[in-house]
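Residue strings, one per chain:
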Amino acid sequence: MIYIKNLEDGVELFKALGSEVRVNIIRLLLKNTEMNMNEIAASLNITNGALTSHIKKMEDAGLIKVISDFSGHGNQKVCRVREERILVDIAPEEGRDNTGIYEAEVPVGQYMDYKVYPTCGISTAKSLIGEADDPRYFSHPDRIQAGILWFSKGYVEYQIPNLLPAAQKIDEITFTMELSSEAPGVNNDWPSDITFLLNDVAVGSWTSPGDFGDVRGIFTPDWWFPNWNQYGLLKMLVINKKGAFVDGLKKSDITTQALQLDYKSPIRLKMEVGEDAAHVGGMTLFGAGFGNYSQGIKVRIRYSPVMEALPEKSFPTEGSN
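Residues numbered from 1 in each chain as written. Predicted model: local features only at pLDDT ≥ 70, side-chain atom pairs only at ≥ 80, totals over all residues. Heavy atoms only, no water.

J.: So what exactly am I meant to see when it comes to the pairing of strand S12 (residues 192–198) here?
T.: Two faces belong to every sheet, and in a regular strand the side chains alternate between them. Here S12 lies mainly inside the structure; 6 of its 7 residues are buried. Alignment of S12 against strand S13 (residues 201–208), held across 7 bridges, turns out to be antiparallel. Residue pairing for S13: Leu198 is matched across the bridge by Val201. Relative to strand S17 (residues 268–273), S12 runs antiparallel, the two being bridged by 4 bridges. Its bridge partner lying in S17, Leu197 is registered against Lys270. (Buried < 20%, exposed > 50% of the residue type's maximum accessible area, 1.4 Å probe, protein only. Helix = DSSP H or I, 4+ residues; strand = E, 2+ residues; numbered from the N terminus. Pairing = 2+ DSSP bridges.)

Set out below in structure tokens:
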């Protein structure tokens with residue numbers, strides 16, 4: 001997902017979408033998952049030379065990914081849609097003049113607690129950690145280097161570093177991570193309800209549509225098994241003074257004020273697939289070296305000074321002078 005925080009930051013992306021030809025290219029790629037340049041040009045009845053400029057503009061805007069495919073004759077340029085959703089803040093929030101921003105990235109293997117059930121596993125970008133379907137390996141010391149983990153039900157919980165300056169309160173906290181379901185093997189039609197909890201409070205959930213294995217993830221290593229999890233969808237969880245949102249859709253009325261988050265607060269993010277969920281389809285969390293984004297759990301905190309509480313006004317008691 002592309003997140004445009006203000007209209008000025010979105011100018012280049014809006015330009016990239018300001019062409020019927022480029023919109024048709026995106027439609028083709030969404031329908032066919034990936035296509036090479038010759039196939040796109042033939043489908044749109046345009047020359048390869050004309051297509052190249054359109055592809056370059058969309059690639060620069062982060063809309064599509066172009067990779068080289070050496071499996072055929074010569075060097076084929078293969079295109080895929082990189083982002084399936086765009087979120088734009090048209091009007092900036094009020095009261096941001098006195099705010100600060102703190103950012104961090106937590107590796108997917110740096111969880112503080114877990115409870116997982118097979119099918120499950122954990123791996124670095126170089127090799128599996130232990131054996132698949134054995135939850136014991138989630139406690140292996142090499143888990144810190146993990147680039148992917150998966151389980152059929154259960155949870156993983158992360159301690160988010162809170163290094164805000166003193167006397168600051170959290171106005172908004174944003175998490176972005178690449179997620180999918182977990183099916184035996186892969187299955188693009190395998191829904192799973194993933195619930196997000198902050199400090200043990202359920203703030204919202206998202207139903208993953210499947211465990212994606214139709215094409216190899218952009219960053220998924222070559223040695224990775226073709227019938228295993230390949231990529232996920234980039235999800236954005238935002239909690240602010242208006243509530244909790246996933247990809248801009250409101251999921252609950254839980255706010256940062258209700259959670260009483262400030263510079264002293266522990267921040268624990270749990271992602272869970274519960275036994276009582278409507279769709280118990282597991283979870284895959286992609287990190288560095290896997291999927292389409294090669295990132296851990298990215299955290300962005302907007303904060304502002306804690307306002308000093310005014311002393312309570314005292315009133316004379318009955319009989320006092």
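J.: Explain the sheet that holds strand S4 (residues 76–81) here, please?
T.: Backbone-to-backbone hydrogen bonds pair the strands of a sheet. The strands run either parallel or antiparallel. Overall, antiparallel pairing links the 3 strands, which are arranged S2-S4-S3 in an open sheet. On the outer flanks of this sheet lie strand S2 (34–36) and strand S3 (64–69), each paired with one strand and no other. Across the sheet, the mean angle separating the axes of adjacent strands is 30° when strand polarity is ignored. As judged from the 6 bridges shared by S3 and S4, these two strands associate in the antiparallel manner. Looking at the pairing, Val66 lines up with Cys79 of S4. With respect to the sheet, helix H3 (residues 37–44) is in contact with S2 and S4, its orientation differing from that of S2 by roughly 90°. (Axes fitted to C-alpha atoms, helices over the stretch in contact; angles between N-to-C directions. Contact = heavy atoms within 4.5 Å.)

J.: Help me out: how do you make sense of the side chain of Asn292 in this one?
T.: Structurally, Asn292 can be placed in the loop between strand S18 (283–286) and strand S19 (297–305). Using a relative accessible area of 12% as the deciding quantity, one classes Asn292 as buried. Only 2.9 Å separates the side chain of Asn292 from the backbone nitrogen of Ile218, close enough to count as a polar contact. Dropping the residues within four chain positions of it, Asn292 is found in contact with Arg80, Arg82, Glu178, Gly217, Ile218, Phe219 and Tyr231. (Polar contact = N/O pair within 3.5 Å; in protein donor to acceptor, adjacent residues only side chain to side chain.)

J.: Explain the sheet that holds S17 here, please?
T.: Strand order in the open sheet made by the 5 strands is S7-S10-S17-S12-S13, with antiparallel pairing throughout. Strands at the two margins of the open sheet, each flanked by one partner only, are strand S7 (113–117) and S13. Between one strand and the next, the sheet's axes are offset by a mean angle of 20°, whatever the strand orientation.

J.: Any chance you could explain the nonpolar core here in plain terms?
T.: Core analysis: the largest hydrophobic core is formed by 47 residues, its most contacted members being Tyr158, Phe175, Phe196, Met271, Leu285 and Ile297. It is strand S11 (residues 168–180) that contributes the most residues to this core, 5 residues altogether. Non-local contacts of Phe196, meaning those with residues more than four positions away in its chain, are made with Met177, Leu179, Val201, Ala202, Val203, Gly204, Ser205, Trp206, Leu237, Val246, Lys270 and Met271. (Core = buried A, V, L, I, M, F, W, Y, C linked by side-chain atoms within 4.5 Å.)

J.: In this structure, what is going on with the environment of Arg82? I would like to understand it.
T.: Looking at the secondary structure, you find Arg82 in the loop between S4 and strand S5 (86–88). Measuring from C-alpha to C-alpha, the distance between Arg82 and Met307 comes to 42 Å, with 225 residues separating the pair along the chain. If we skip the residues at most four places from it in the chain, Arg82 touches Gly62, Leu63, Ile64, Lys65, Phe219, Asn292 and Tyr293.

J.: Help me out: how do you make sense of unusual backbone geometry in this one?
T.: Outside of glycine, negative phi angles account for most residues, and trans bonds account for most peptide bonds. Each neighbour pair has its own omega, and for Pro118 with Thr119 the value is 5°, a cis peptide bond. Tracing the backbone through its elements, the reader meets Thr119 in the loop between S7 and strand S8 (121–123). At Thr33, a position not held by glycine, the phi torsion is positive, near 70°. By the secondary structure assignment, Thr33 is in the loop between helix H2 (20–32) and S2. One non-glycine residue, Asp247, lies in positive phi territory at about 55°. Note on placement: Asp247 falls in the loop between strand S15 (243–246) and strand S16 (249–252). Exposure remark for Asp247: the relative accessible area of 6% places this residue in the buried category.

J.: I would appreciate a short explanation of the packing of H2 against helix H4 (residues 48–60) in the present structure.
T.: What describes two packed helices is the angle between their axes and the distance between those same axes. Direction vectors running N to C along H2 and H4 enclose 75°, while the axes themselves pass 10 Å from each other. Classified by the angle between their axes, H2 and H4 sit roughly perpendicular to one another. For the pair H2 and H4, contact is made by Val21, Arg22, Ile25 and Ile26 and by Leu51, His54, Ile55, Lys57 and Met58, respectively. Broken down by class, the residue content of the contact of H2 with H4 amounts to 6 nonpolar, 1 polar and 2 charged. (Parallel < 35°, antiparallel > 145°, perpendicular 65-115°, else oblique. Nonpolar A, V, L, I, M, F, W, Y, C, P; charged D, E, K, R; others polar.)

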